Amino acid sequence: SQTIHQWPATLVQPVGSPLSLECTVEGTSNPNLYWYRQAAGRGLQLLFYSVGIGQISSEVPQNLSASRPQDRQFILSSKKLLLSDSGFYLCAWSVYPGGQPQHFGDGTRLSIL
Amino acid sequence: QQQVKQSPQSLIVQKGGISIINCAYENTAFDYFPWYQQFPGKGPALLIAIRPDVSEKKEGRFTISFNKSAKQFSLHIMDSQPGDSATYFCAASMEARGGNKLTFGTGTQLKVEL
(Lines give C-alpha, C1' and ligand atoms only; values in the text may rest on other atoms or scores of the structure.)
Protein backbone atom coordinates (compact mmCIF):
# COMPACT_ATOMS: atom_id res chain seq x y z
CA SER A 1 0.00 0.00 0.00
CA GLN A 2 1.03 3.59 -0.50
CA THR A 3 2.22 5.80 2.33
CA ILE A 4 3.31 9.40 2.53
CA HIS A 5 5.78 10.75 5.06
CA GLN A 6 6.46 14.33 6.05
CA TRP A 7 9.07 15.65 8.41
CA PRO A 8 9.60 17.27 10.70
CA ALA A 9 6.20 17.25 12.39
CA THR A 10 6.83 20.60 14.07
CA LEU A 11 9.41 23.28 13.47
CA VAL A 12 10.18 26.61 15.11
CA GLN A 13 12.40 28.91 13.11
CA PRO A 14 13.58 32.51 13.51
CA VAL A 15 12.71 35.12 10.92
CA GLY A 16 15.31 35.19 8.17
CA SER A 17 16.44 31.60 8.59
CA PRO A 18 16.30 29.02 5.78
CA LEU A 19 13.73 26.23 5.50
CA SER A 20 13.66 22.74 4.15
CA LEU A 21 10.63 20.47 4.53
CA GLU A 22 10.70 17.01 3.05
CA CYS A 23 7.99 14.71 1.78
CA THR A 24 8.40 11.18 0.47
CA VAL A 25 5.90 8.72 -0.96
CA GLU A 26 6.25 4.94 -0.85
CA GLY A 27 4.46 2.23 -2.75
CA THR A 28 3.81 4.04 -6.01
CA SER A 29 5.75 5.29 -9.00
CA ASN A 30 5.67 8.64 -10.77
CA PRO A 31 3.01 10.21 -8.55
CA ASN A 32 1.73 13.74 -8.84
CA LEU A 33 2.98 15.62 -5.79
CA TYR A 34 1.54 18.71 -4.13
CA TRP A 35 2.42 21.19 -1.40
CA TYR A 36 -0.40 22.99 0.42
CA ARG A 37 -0.45 25.54 3.21
CA GLN A 38 -3.24 25.68 5.74
CA ALA A 39 -3.62 28.84 7.81
CA ALA A 40 -5.48 28.65 11.11
CA GLY A 41 -9.22 28.44 10.50
CA ARG A 42 -8.78 28.52 6.76
CA GLY A 43 -8.93 26.08 3.91
CA LEU A 44 -5.98 24.61 2.11
CA GLN A 45 -4.10 26.71 -0.40
CA LEU A 46 -2.16 24.94 -3.14
CA LEU A 47 1.41 26.21 -3.30
CA PHE A 48 3.19 23.91 -5.76
CA TYR A 49 2.56 20.77 -7.72
CA SER A 50 4.78 18.43 -9.71
CA VAL A 51 4.06 15.81 -12.33
CA GLY A 52 7.62 14.52 -12.59
CA ILE A 53 11.24 14.88 -11.55
CA GLY A 54 12.38 18.47 -11.92
CA GLN A 55 8.92 19.63 -13.05
CA ILE A 56 7.48 22.21 -10.65
CA SER A 57 4.50 24.48 -11.11
CA SER A 58 3.91 27.37 -8.74
CA GLU A 59 0.39 28.46 -7.92
CA VAL A 60 1.02 31.64 -5.94
CA PRO A 61 3.93 34.08 -5.82
CA GLN A 62 5.63 33.82 -2.47
CA ASN A 63 8.78 33.42 -0.47
CA LEU A 64 8.91 29.65 -0.98
CA SER A 65 10.22 27.28 -3.63
CA ALA A 66 9.84 23.57 -4.30
CA SER A 67 12.02 20.91 -5.83
CA ARG A 68 11.61 17.28 -6.82
CA PRO A 69 15.06 15.71 -6.96
CA GLN A 70 13.74 12.13 -7.06
CA ASP A 71 10.56 10.49 -8.29
CA ARG A 72 8.94 10.19 -4.87
CA GLN A 73 10.60 13.06 -3.03
CA PHE A 74 9.23 16.59 -2.81
CA ILE A 75 10.99 19.38 -0.95
CA LEU A 76 9.68 22.77 0.15
CA SER A 77 12.33 25.42 0.75
CA SER A 78 12.93 29.01 1.60
CA LYS A 79 16.13 31.02 1.73
CA LYS A 80 14.79 33.53 4.26
CA LEU A 81 11.64 32.90 6.27
CA LEU A 82 9.10 35.64 6.92
CA LEU A 83 6.62 35.84 9.79
CA SER A 84 3.85 35.29 7.25
CA ASP A 85 5.30 31.88 6.36
CA SER A 86 3.92 30.42 9.60
CA GLY A 87 1.32 27.74 9.06
CA PHE A 88 0.57 24.08 8.61
CA TYR A 89 2.25 22.65 5.52
CA LEU A 90 0.81 19.58 3.90
CA CYS A 91 2.17 17.35 1.20
CA ALA A 92 -0.12 15.23 -0.94
CA TRP A 93 0.15 12.74 -3.78
CA SER A 94 -2.13 11.37 -6.45
CA VAL A 95 -1.83 8.85 -9.22
CA TYR A 96 -0.28 10.17 -12.43
CA PRO A 97 -1.45 11.53 -14.85
CA GLY A 98 -3.92 13.53 -12.84
CA GLY A 99 -5.94 10.89 -11.11
CA GLN A 100 -7.91 11.45 -7.98
CA PRO A 101 -8.04 11.34 -5.07
CA GLN A 102 -5.23 13.21 -3.43
CA HIS A 103 -3.81 11.63 -0.28
CA PHE A 104 -2.31 13.84 2.38
CA GLY A 105 0.53 13.47 4.84
CA ASP A 106 0.22 14.55 8.45
CA GLY A 107 1.84 17.89 7.83
CA THR A 108 4.49 20.11 9.38
CA ARG A 109 3.50 22.81 11.84
CA LEU A 110 5.86 25.73 11.14
CA SER A 111 6.13 28.60 13.59
CA ILE A 112 8.24 31.64 12.79
CA LEU A 113 9.51 33.72 15.70
CA GLN B 1 -14.77 31.38 -10.51
CA GLN B 2 -12.34 29.05 -8.82
CA GLN B 3 -13.90 29.47 -5.39
CA VAL B 4 -15.76 26.85 -3.41
CA LYS B 5 -17.98 28.36 -0.73
CA GLN B 6 -18.65 26.23 2.34
CA SER B 7 -21.15 26.68 5.17
CA PRO B 8 -21.62 26.68 8.06
CA GLN B 9 -18.27 27.58 9.55
CA SER B 10 -19.10 25.59 12.68
CA LEU B 11 -21.79 23.13 13.64
CA ILE B 12 -22.92 21.51 16.88
CA VAL B 13 -25.05 18.40 16.64
CA GLN B 14 -26.41 16.06 19.27
CA LYS B 15 -25.32 12.45 19.24
CA GLY B 16 -27.55 10.48 16.89
CA GLY B 17 -28.53 13.57 14.91
CA ILE B 18 -27.88 14.48 11.29
CA SER B 19 -25.00 16.78 10.40
CA ILE B 20 -25.36 18.71 7.15
CA ILE B 21 -22.60 20.75 5.52
CA ASN B 22 -23.14 22.63 2.29
CA CYS B 23 -20.86 23.76 -0.52
CA ALA B 24 -21.40 25.81 -3.67
CA TYR B 25 -19.20 26.34 -6.68
CA GLU B 26 -19.19 28.54 -9.78
CA ASN B 27 -16.92 26.81 -12.26
CA THR B 28 -18.97 24.34 -14.31
CA ALA B 29 -15.75 22.68 -15.47
CA PHE B 30 -15.30 21.08 -12.06
CA ASP B 31 -15.85 17.34 -12.42
CA TYR B 32 -14.79 15.80 -9.13
CA PHE B 33 -16.07 16.73 -5.68
CA PRO B 34 -14.43 15.14 -2.62
CA TRP B 35 -15.02 15.64 1.06
CA TYR B 36 -12.14 15.45 3.50
CA GLN B 37 -12.16 14.92 7.25
CA GLN B 38 -9.39 16.42 9.35
CA PHE B 39 -8.58 15.81 13.00
CA PRO B 40 -6.37 18.26 14.95
CA GLY B 41 -2.71 17.89 14.10
CA LYS B 42 -3.38 15.52 11.22
CA GLY B 43 -3.64 15.84 7.48
CA PRO B 44 -7.03 15.70 5.76
CA ALA B 45 -8.28 12.21 4.94
CA LEU B 46 -10.60 11.48 2.06
CA LEU B 47 -14.08 10.67 3.31
CA ILE B 48 -16.22 10.34 0.21
CA ALA B 49 -16.28 11.79 -3.30
CA ILE B 50 -18.72 12.21 -6.17
CA ARG B 51 -18.68 13.01 -9.87
CA PRO B 52 -21.42 15.15 -11.45
CA ASP B 53 -23.01 12.29 -13.37
CA VAL B 54 -24.76 11.09 -10.21
CA SER B 55 -26.97 12.99 -7.77
CA GLU B 56 -26.19 11.04 -4.63
CA LYS B 57 -23.54 8.75 -3.22
CA LYS B 58 -23.72 6.92 0.07
CA GLU B 59 -20.97 5.22 2.04
CA GLY B 60 -22.06 3.99 5.44
CA ARG B 61 -23.33 6.95 7.47
CA PHE B 62 -21.94 9.49 4.98
CA THR B 63 -23.91 10.71 1.97
CA ILE B 64 -23.08 13.29 -0.68
CA SER B 65 -26.01 14.99 -2.38
CA PHE B 66 -25.16 16.74 -5.63
CA ASN B 67 -27.28 19.30 -7.48
CA LYS B 68 -25.62 20.06 -10.80
CA SER B 69 -28.11 22.72 -11.93
CA ALA B 70 -27.75 24.65 -8.67
CA LYS B 71 -23.98 24.03 -8.54
CA GLN B 72 -24.27 22.84 -4.98
CA PHE B 73 -23.30 19.73 -3.09
CA SER B 74 -23.65 18.72 0.51
CA LEU B 75 -22.40 16.18 3.03
CA HIS B 76 -24.88 14.45 5.31
CA ILE B 77 -23.64 12.52 8.32
CA MET B 78 -26.37 10.28 9.68
CA ASP B 79 -26.44 9.10 13.30
CA SER B 80 -23.63 11.53 14.16
CA GLN B 81 -21.20 10.27 16.79
CA PRO B 82 -18.71 12.07 19.08
CA GLY B 83 -15.93 10.45 17.05
CA ASP B 84 -17.16 12.40 14.02
CA SER B 85 -16.09 15.64 15.72
CA ALA B 86 -13.55 17.06 13.28
CA THR B 87 -13.14 19.69 10.58
CA TYR B 88 -14.70 18.84 7.24
CA PHE B 89 -13.59 20.31 3.92
CA CYS B 90 -15.35 20.15 0.61
CA ALA B 91 -13.28 20.51 -2.53
CA ALA B 92 -13.60 20.53 -6.29
CA SER B 93 -11.25 19.80 -9.15
CA MET B 94 -11.19 19.45 -12.90
CA GLU B 95 -9.04 17.68 -15.44
CA ALA B 96 -6.11 19.94 -16.07
CA ARG B 97 -2.86 19.66 -17.91
CA GLY B 98 -0.28 18.71 -15.35
CA GLY B 99 -2.55 17.21 -12.74
CA ASN B 100 -5.88 17.75 -11.08
CA LYS B 101 -5.68 20.62 -8.64
CA LEU B 102 -8.12 20.77 -5.75
CA THR B 103 -9.89 23.96 -4.74
CA PHE B 104 -10.95 23.71 -1.10
CA GLY B 105 -13.75 25.26 0.88
CA THR B 106 -12.84 27.02 4.11
CA GLY B 107 -13.91 24.13 6.34
CA THR B 108 -16.62 23.34 8.89
CA GLN B 109 -15.80 22.49 12.49
CA LEU B 110 -18.24 19.83 13.61
CA LYS B 111 -18.79 19.03 17.24
CA VAL B 112 -21.03 16.14 18.18
CA GLU B 113 -22.26 16.37 21.76
CA LEU B 114 -23.43 13.54 23.98
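Residues numbered from 1 in each chain as written. Chains lettered and ligands numbered in written order. Predicted model: local features only at pLDDT ≥ 70, side-chain atom pairs only at ≥ 80, totals over all residues. Heavy atoms only, no water.

A. Local environment of the nonpolar core. Residues and elements named next belong to chain B. Within the largest apolar cluster, 24 residues are counted, with the highest numbers of intra-cluster contacts made by Phe33, Trp35, Phe73, Leu75 and Tyr88. Looking at this core, the elements that each hand over two or more residues are β2 (10-14), β3 (19-25), β4 (33-38), β5 (45-50), β7 (62-67), β8 (72-77), β9 (86-92) and β11 (108-113). Looking at this core, the element that brings in the most residues is β9, giving four residues. Leaving out residues up to four positions away in the same chain, phenylalanine 73 has contacts with Val4, Ile21, Asn22, Cys23, Tyr25, Phe33, Trp35, Ser65, Phe66, Cys90 and Ala91. (Core = buried A, V, L, I, M, F, W, Y, C linked by side-chain atoms within 4.5 Å. Buried < 20%, exposed > 50% of the residue type's maximum accessible area, 1.4 Å probe, protein only. Helix = DSSP H or I, 4+ residues; strand = E, 2+ residues; numbered from the N terminus. Contact = heavy atoms within 4.5 Å.)

B. Quick look at unusual backbone geometry. Cis geometry marks the peptide bond from A:Trp7 to A:Pro8, where omega comes out at 0 degrees. Mapped onto the secondary structure, A:Pro8 falls in the loop between β1 (3-7) and β2 (10-13). Cis geometry marks the peptide bond from B:Ser7 to B:Pro8, where omega comes out at -5 degrees. Mapped onto the fold, B:Pro8 is located in the loop between β1 (4-7) and β2. Phi at A:Asn30 takes a positive value of approximately 50 degrees, unusual for a residue other than glycine. Mapped onto the elements of the fold, A:Asn30 is located in the loop between β3 (19-26) and β4 (32-38).

C. Quick look at the environment of B:Val4. Residues and elements named next belong to chain B. If you trace the backbone, valine 4 turns up in strand β1. For valine 4, a relative accessible area of 7% puts it in the buried group. Other than its neighbours up to four places away in sequence, valine 4 contacts Cys23, Ala24, Phe30, Phe73, Cys90, Ala92, Thr103, Phe104 and Gly105.

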